[in-house]
Amino acid sequence: SLSSPAPTWVPDPRGRQGSGSPVQGDGGQREAAGEENKENERPSAGSKANKEFGDSLSLEILQIIKESQQQHGLRHGDFQRYRGYCSRRQRRLRKTLNFKMGNRHKFTGKKVTEDLLTDNRYLLLVLMDAERAWSYAMQLKQEANTEPRKRFHLLSRLRKAVKHAEELERLCESNRVDAKTKLEAQAYTAYLSGMLRFEHQEWKAAIEAFNKCKTIYEKLASAFTEEQAVLYNQRVEEISPNIRYCAYNIGDQSAINELMQMRLRSGGTEGLLAEKLEALITQTRAKQAATMSEVEWRGRTVPVKIDKVRIFLLGLADNEAAVAQAESEETKERLFESMLSECRDAIQAVREELKPDQKQRDYTLDGESGKVSNLQYLHSYLTYIKLSTAIRRNENMAKGLQKALQQQPEDDSKRSPRPQDLIRLYDIILQNLVELLQLPGLEEDRAFQKEIGLKTLVFKSYVLVKKWSEALVLYDRVLKYANEVNSDAGAFRNSLKDLPDVQELITQVRSEKCSLQAAAILDASDSHQTETSSQVKDSKPLVERFETFCLDPSLVTKQANLVHFPPGFQPIPCKPLFFDLALNHVAFPPLEDKLEQKTKSGLTGYIKGIFGFRS
């Protein structure tokens, strides 16, 4: 290696946003401060690079920026957080190097000169300047989608980033800097310059800068080990779509195909080129759509006047080719979803043209049975494309699920696919085929009805439930459906070529049927033995069957049946009730003489009462 070990980057000990997780406690602060000092400390004089080049300075520019970006926000596209990290990193470096820009009362500008290059941290200081300006530009690019005026600020910050990169390249031309750092500084400047020219739409200058950057990184990748070359190769892959986009804008019409292939291989573009490439593809299809006026399907030509439908139909062949060339299942699934989304948008555009009062009037034209309007027929055609794409997507998912079922481990710690999931997918396919039979305008098309009927038989053959009591009957039904397909296919071989091979299915079902019969016999014998061993088992709790031996596995589980709980009610003697029957026969003595005589009332009695003469 031609470089010294790269410094280790750690989170900011102050725990601010964008600088890692907060530090708690004095001990954590001291530890983080130690890591910060370690981050900014000067490389030892006995490093490998210094041994080879004497006092040569080395700086792993690409490695430093990639590690910093991944650790401080760019993994989630948070450019503001990364910009804050660059600012704090600069302040720490200036403090460590005693290279402050004045004090809190007065600003004194300083520039890093060649005379100061006794420490590679001075180069790192300029690099952080460039990274801070670049990250601010990318943040403004995100905000410019809703606030177009910020684009001017974006270009200003990109120019500032290029200026700092050129200063870094000028400093690295010194004899004190090793050759690898010089090449990395040139590539970094070319990269930022290319991005600035790209935003200005100066395609020729941009492609020259990107090609220079690509050439330098390819040379560096070939000069070092595979582990060190990974970063360089990644950077080359990042800028390759930009180069092809610039070539297309210069006049290379073949570049659009290469761009689409790059998007397919990478599963979608990201970063600077993503929006521009999607807009370019839409614009290219829109230009081609201007020349498209009609489409033919099942012997009938229909005019196409809706631009959204034209663009979708023109891109349909490219999307199908992309699905066929897709390498991974995730890419296929993404492309299928994209096709279905575009198809739904096209169908919605046609529905808006089909006014409610026209549907009934335009359904039948010239008194011909089954003859629908051109717009309604176009709607049927788009619905056919949507349902056919959904069938292909579900069939692809069913194949993946079937492989997972064959390789399914016996470990139940995580949810594994079940045969019912596979059946559900085939049921959805059969439902889509039923909807195809009901498309307006195709009721009288006997060939179409026969074709969909054969496809229905093929997919019915794959709806299997692996239950011993039902599987044999289902296998017999599969053979019946498959034989019907073989006997009735005839002229529909071309339309059925994309479906599963029926003859191969028949062979597979016959072998599975034999295996199933053997498995059913073994399963029956196992269940008989289990039943014999558990004949003595009953629902009584353990406390009531101590004298009866029984192998009961439930006794060692949490649902062991030990006693009746809560216990049942039992009759007990209650406290007697006493009734006094003699009271009815007791004769009590007369008490009239004991009672007070009632005094006379009237005026005389009232007067006596007032004067106290009443006794």
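Residues numbered from 1 in each chain as written. Predicted model: local features only at pLDDT ≥ 70, side-chain atom pairs only at ≥ 80, totals over all residues. Heavy atoms only, no water.

**Remarks on a positive patch on the surface**
The grouping of K111, K160, K163 and R170 at the surface amounts to a positive patch. Relative to the assigned elements, R170 resides in helix α6 (residues 150-172). For R170, a relative accessible area of 47% gives the class partly exposed. (Patch = residues over 30% accessible without salt bridge, like charges linked within 9 Å, V, L, I, M, F, W, Y side chains within 5 Å. Areas by Shrake-Rupley, 256 points an atom, 1.4 Å probe, with all protein chains shown as cover. Salt bridge = Lys/Arg side-chain N within 4 Å of Asp/Glu carboxyl O. Lys, Arg positive; Asp, Glu negative; His and termini not counted. Charge placed at Lys NZ, Arg CZ, Asp CG, Glu CD. Helix = DSSP H or I, 4+ residues; strand = E, 2+ residues; numbered from the N terminus. Buried < 20%, exposed > 50% of the residue type's maximum accessible area, 1.4 Å probe, protein only.)

**Some remarks on the packing of α6 against helix α7 (residues 179-199)**
At a minimum axis distance of 9 Å, the contact between α6 and α7 shows a crossing angle of 160 degrees. In this view, α6 runs roughly antiparallel relative to α7, as classed from their interaxial angle. In this structure, the crossing between α6 and α7 has a hand that is left-handed. Mapping the contact onto sequence places R151, L154, L155, L158, R159, A161, V162, A165, E166, L168, E169 and C172 in α6 and T181, K182, A185, Q186, Y188, T189, L192, S193, M195, L196 and E199 in α7. (Axes fitted to C-alpha atoms, helices over the stretch in contact; angles between N-to-C directions. Parallel < 35°, antiparallel > 145°, perpendicular 65-115°, else oblique. Left-handed = near helix turned anticlockwise from the far one by under 90°. Contact = heavy atoms within 4.5 Å.)

**Digging into the pairing of strand β2 (residues 300-303)**
Residues R300 and V302 point to one face of β2 and are all buried, whereas T301 and P303, pointing to the other face, are not buried. Bridge analysis of strand β1 (residues 294-297) against β2 gives 4 bridges, and the strand direction is antiparallel. Among the inter-strand pairings, V295 is bridged to a residue of β2, identified as V302. Hairpin connection, β1 to β2: the antiparallel pair is bridged by 2 residues, and R298 has positive phi, about 50 degrees. (Pairing = 2+ DSSP bridges.)

**Observations regarding the environment of R121**
Checked against the element boundaries, R121 lands in helix α5 (residues 120-143). R121 sits in the buried class, given a relative accessible area of 11%. For the pair formed by R121 and L97, sequence separation is 24 residues and the distance between their alpha carbons is 8.0 Å. Polar contacts involving the side chain of R121 include one to the side chain of D119, which spans 2.5 Å. (Polar contact = N/O pair within 3.5 Å; in protein donor to acceptor, adjacent residues only side chain to side chain.)

These figures come from the coordinates and say nothing about function on their own.
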